[in-house]
Amino acid sequence: MTLTAVIFTIFALLGLWGALVVLFAKRPVYNALGLLLNFVSLAAMYIMLNAPFLGVIQIIVYSGAIVVFFLFVIMILNLRDPLTDMDLSFKGLAAFIMMIATLSLLGVYLYVIKLPSWKLGPEGSPARLGELLLTDYLIPFELASLLLLVAIVIAVVIGKKGEEQ
Amino acid sequence: MSGQPLLIFAAKAVGILAVVLTAATYATWAERRVAAWIQDRIGPNKTGPFGLLQPIADVLKLFFKEEIVPAPVDPVLHFITPGIIMVGVIAATALIPFAENLTLADPPVGVLLLLGISALSGYSVILAGMASRTKYSLFGSLRAAAQVISYEIPMALAIASVVLMAGSLSLVDIVKAQSHLPFAITQPVAFIIYLIAVFAETNRAPFDLPEAESELVGGYHTEYSSMRFAWFFAGEYAHVVIASALITTFFLGGWYGPGPDGVWWFAIKTLFFVYFFLWVRWTYPRTRYDQLMKFAWKVLIPLGLLNILITALIKIWG
């Protein structure tokens, strides 16, 4: 076995272990940590596939921010019961917005899939990636950022709603 | 690593690690001496000349102390967390360009990798409080989680302007772009934002709310004792040393300086910033928690975004 194969096996097993922990652990903290392990192993895979930028962004965004938020929520839920004081009167609106968001995400995927070929070279360097995002993939890129903006606005609206009552 | 024999590379790695960890150990001594000096006391001066053997005595003492693990803690998490902070610090050491030919690794995405490592080392503080299962520790963790996420954004924004200036994500290229003028002069706003955010990132006063002893006893490390506590303690000082080295890399031109360039300039600048960390801790009062969060979201982040915009415009038209 070459060194690359050994490293791949290690991270593949770690990632699988993390995924199993997410599914089967009883305590939410361990679920979150299993997810973290899975994300970090996935980042290692990206780096081994010559996409260092994607791998590092995976660590910063998913492992560094999103799992921290999960832990944050778990900590807060431990302090008080989450379901009793949740107001679900905006359900219809939320469902509608979620539907639009999902459909636009689907549109992004379809657009990307129907493009003739993936032009990212084998090197996958940040400069090349940025160039492609602002030329060939400009529309899906901007659509994705619009989707994120919608999500942020929804979060603010929901947060404000609780504040007024 | 390319082109070097493995043995030389390993020797370099061990040497750099030894220097950084020694610096971290002696930062604890410096903290006590500087604090004493600022408060018009003497400080530790009995163990060895100028008290220089004090850190060794401290570590020996902590080694032989009884380790107390409270019954309600989560044993696995409680055991793992003190190590995470040191792993982060040691991983970051590999990326720092100490001198022209004294860099262990220079990946094309070095800057982002550093941000990722710094994000991951935040877990030690967050998990420590959750594992302890006491209210003081939990509040320390809650604060740490919010603080780390909030201050990572202005930090990344400040670094983004530096990356724009240098036109590269490699740390060596960023230092080389400063061979004539350091970014502290050409990017003063980013420099100040980064400097402030780094205090929050390292949990140092005036932003040391996760371990505010007047409110939270010891914060996230209340339930830790003996060597496990020492890991947190050493990790904090190692973090300070690494943060100072990064300020030097990003904003003060690394190994460049007036007169002959070399690793000594890097050391002098880094040591100055380690002193700066201590100086601020003993002269500034701790901020309130809401002030801390408001300052990040309402001052530092808008300022950082504006700075990126202006930098980009100057890059296009300048």
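Above this text sits the structure in question.
All values reported here derive from a predicted model rather than from experimental measurement.

*Asks:* Now, about a nonpolar patch on the surface: what can you tell me, with residues and values included?
*Replies:* Residue and element names in this part refer to chain A. Taken together, the side chains of Leu134, Leu138, Ile139, Phe141, Leu143, Leu146, Leu149, Val153 and Val157 define a hydrophobic patch exposed on the protein surface, amounting to about 780 Å² of accessible area. Tracing the sequence through the fold places valine 153 in helix α6 (residues 138–164). Using a relative accessible area of 46% as the deciding quantity, one classes valine 153 as partly exposed.

*Asks:* Let's hear about the packing of aromatic side chains: which residues, and what values?
*Replies:* All names here are of chain B. Applying the stated criterion to the full structure yields 17 aromatic pairs over all chains. Between phenylalanine 233 and tyrosine 237, the aromatic rings sit 5.2 Å apart at their centres with planes inclined by 70 degrees, giving edge-to-face as the arrangement. Taken together, the positions of phenylalanine 233 and tyrosine 237, both in helix α10 (residues 226–251) and four residues apart, correspond to about one turn of that helix. The class of tyrosine 237 is buried, set by a relative accessible area of 3%. Between the aromatic rings of phenylalanine 276 and tryptophan 279, the centroid separation amounts to 6.0 Å while the plane-to-plane angle is 85 degrees, which identifies the pairing as edge-to-face. In this pair, phenylalanine 276 and tryptophan 279 both sit in helix α11 (residues 263–283), three residues apart, roughly one turn of the helix.

*Asks:* Could you give me a rundown of the interface of chain B and chain A, with the residues and numbers involved?
*Replies:* At the interface, 23 residues of chain B touch 23 residues of chain A. Remark: the boundary between chain B and chain A carries two residue pairs in polar contact (both at pLDDT 80 or more). At the level of elements, α3 (75–93), α4 (110–132) and α5 (135–166) of chain B are the ones that each hand at least two residues to the side of chain B that touches chain A. Examining the composition of the side of chain B that touches chain A, we find that 10 residues originate from one element, α4 of chain B, more than from any other. Of the residues contributing to the side of chain B that touches chain A, the split by class is 19 nonpolar, two polar and two charged.

*Asks:* Please give an account of the nonpolar core that cites residues and values.
*Replies:* Ranked by size, the top nonpolar core spans 64 residues in total, and within it Val111, Tyr151, Ile174, Tyr194, Ile247, Phe250 and Phe251 of chain B carry the most contacts. Top element by residues in this core is α10 of chain B. It accounts for 11 residues. Here isoleucine 174 of chain B is in contact with Val111, Val162, Val163, Ala166, Ser168, Phe183, Thr249 and Phe250 of chain B, once residues within four sequence places are set aside. In this structure, Val29, Leu36 and Phe39 of chain A together with Tyr220 of chain B belong to the second largest nonpolar core, which totals 26 residues.

*Asks:* Quick rundown of the layout of surface pockets? Include the residues and the values.
*Replies:* Considering only enclosed or pocket space, the second largest pocket measures out at about 1,300 Å³ in volume. As for the second largest pocket, its lining consists of 39 residues, of which Phe11, Val40, Ser41 and Ile59 of chain A together with Leu120 of chain B are closest to the centre. Where the lining of the second largest pocket is concerned, the elements lending two or more residues are α1 (3–24), α2 (28–48) and α3 (52–79) of chain A together with α3 and α4 of chain B. A per-element tally of the lining of the second largest pocket places α2 of chain A first, with 11 residues. Taken together, the residues that form the lining of the second largest pocket break down as 31 nonpolar, seven polar and one charged.

*Asks:* Please set out helix α1 (residues 6–38) of chain B residue by residue, giving values where relevant.
*Replies:* Residues and elements named next belong to chain B. For α1, which comprises 33 residues, the first-to-last C-alpha distance of 47 Å matches the rise-based estimate of 48 Å (1.5 Å per residue) to within 8%. Listed in full, the buried residues belonging to α1 are Phe9, Ile16, Val20, Ala24, Ala27, Thr28, Trp29, Ala30, Glu31, Val34, Ala35 and Ala36. Each element contacted by the buried residues of α1 is listed here: α2 (54–64), α3, α10 and α11. Positioned one or two residues after α1, aspartate 40 has a phi angle of 60 degrees, which is positive.

Rules used in this analysis
Every chain begins its residue count from 1, and numbering advances along the sequence as written. Here chains are named by letter from A upward and ligands by number from 1 upward, in the order in which they appear as written. Since the coordinates come from a predicted model, pLDDT governs what is reported: local features require at least 70, and pairs of side-chain atoms require 80 or more to be given and counted, while whole-chain, interface and lining totals use all residues. Only hydrogens and water are removed before side-chain values are computed, so all heavy atoms of the structure are retained for them. Exposure above 30% relative accessible area and no salt bridge define the residues that can form patches, which grow by joining like charges within 9 Å and nonpolar side chains of Val, Leu, Ile, Met, Phe, Trp and Tyr within 5 Å. Each accessible area is a Shrake-Rupley estimate made with a 1.4 Å probe; only the visible protein chains count as cover when residues are assessed. The term salt bridge refers to a side-chain nitrogen of Lys or Arg lying within 4 Å of a carboxyl oxygen of Asp or Glu. Where helices and strands are cited, they refer to DSSP runs of H or I of at least four residues and of E of at least two residues respectively, numbered from the N terminus. Accessible area is worked out with a 1.4 Å probe on protein chains only. A residue is then buried under 20% of its type maximum, exposed over 50%, and partly exposed in between. Working definition: rings of Phe, Tyr and Trp (its six-membered ring) pair if their centres are within 6.5 Å, and the pair is stacked with planes under 30 degrees apart, edge-to-face with planes over 60 apart, and tilted otherwise. Whether two residues are in contact is decided by their heavy atoms: any pair within 4.5 Å suffices. Under the rule applied, a polar contact is a pair of N or O atoms within 3.5 Å (in protein, one hydrogen donor and one hydrogen acceptor; residues adjacent in sequence only if both atoms are side-chain atoms). Any residue outside Ala, Val, Leu, Ile, Met, Phe, Trp, Tyr, Cys, Pro, Asp, Glu, Lys and Arg is labelled polar, Gly included; the first ten of those are nonpolar and the last four are charged. Take the buried residues of types Ala, Val, Leu, Ile, Met, Phe, Trp, Tyr and Cys, join any two whose side-chain atoms come within 4.5 Å, and each joined set is a nonpolar core. Every definition here rests on a 1 Å grid over the protein atoms only: cavities are sets of points where a 1.4 Å probe fits but cannot get out, pockets are open sets enclosed by protein on both sides within 12 Å along at least five of seven lines, and lining residues have some atom within 4 Å of a point. Grid points are joined across faces, edges and corners, and a volume is the space filled by probe spheres set on the points. Multiply 1.5 Å by the residue count of a helix minus one, and that product is the helix's expected span.

By themselves, these observations are geometric and do not establish any function.
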